[in-house]
Amino acid sequence: MPHPKLILLSFTLFLFASCSSEADSHVQAQAVEEAVKSVSEMTEEELVAHAASIHERVLTLDTHDDIPFNFATENVDPGIRGSGGRQVDLPKMREGKLDVGTFIVYVGQTARTPANYEKAKEDAMTKFNAIHRM
């Protein structure tokens, strides 16, 4: 896991980069400079507390969570921590205070034939139905 100072500085720089005008950029540059100085002087405990307070106030999202074909079954239960060897499950999402998870319905591409289109549709529906079960 990246060092908390690096995460906090990256977030601060992201906010700086998202400024819409030159005047905003100047104000944000000063804020970034102060934040960097403040963060660099924090103890590890203060830094973790500061990062946690930011995390409480922002929307956190995972924009791409692949699922297997046996998702939301006895073999891969998203309601059980660590089920099926997955990195993301509902208990971990709650513990980590993840607000949004985008579960992906991906099926591999094959030759473009009527039979393969039907198979892709069936596979996609398997994953859609698993997400609904979750």
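Up top is the structure.
Residues numbered from 1 in each chain as written. Predicted model: local features only at pLDDT ≥ 70, side-chain atom pairs only at ≥ 80, totals over all residues. Heavy atoms only, no water.

**Re the overall build of the protein chain**
Moving on, step 1. A tally of regular secondary structure across the protein chain gives five helices and two strands.
Moving on, step 2. Walking the protein chain from its N terminus toward its C terminus, one meets helices and strands in the order α-α-α-β-α-β-α.
Moving on, step 3. Residues counted as buried form 22% of the 134 residues belonging to the protein chain.
Moving on, step 4. In the protein chain, once contacts between residues fewer than 6 apart in sequence are set aside, the share between residues at least 24 apart is 52%. (Helix = DSSP H or I, 4+ residues; strand = E, 2+ residues; numbered from the N terminus. Buried < 20%, exposed > 50% of the residue type's maximum accessible area, 1.4 Å probe, protein only. Contact = heavy atoms within 4.5 Å.)

**Section: the pairing of strand β1 (residues 61-66)**
Moving on, step 1. In this structure, β1 lies alongside strand β2 (residues 100-104), joined through four bridges in parallel fashion. Note on β2: the bridge partner recorded for D65 is F103. (Pairing = 2+ DSSP bridges.)

Read these as spatial facts, not as claims about activity.
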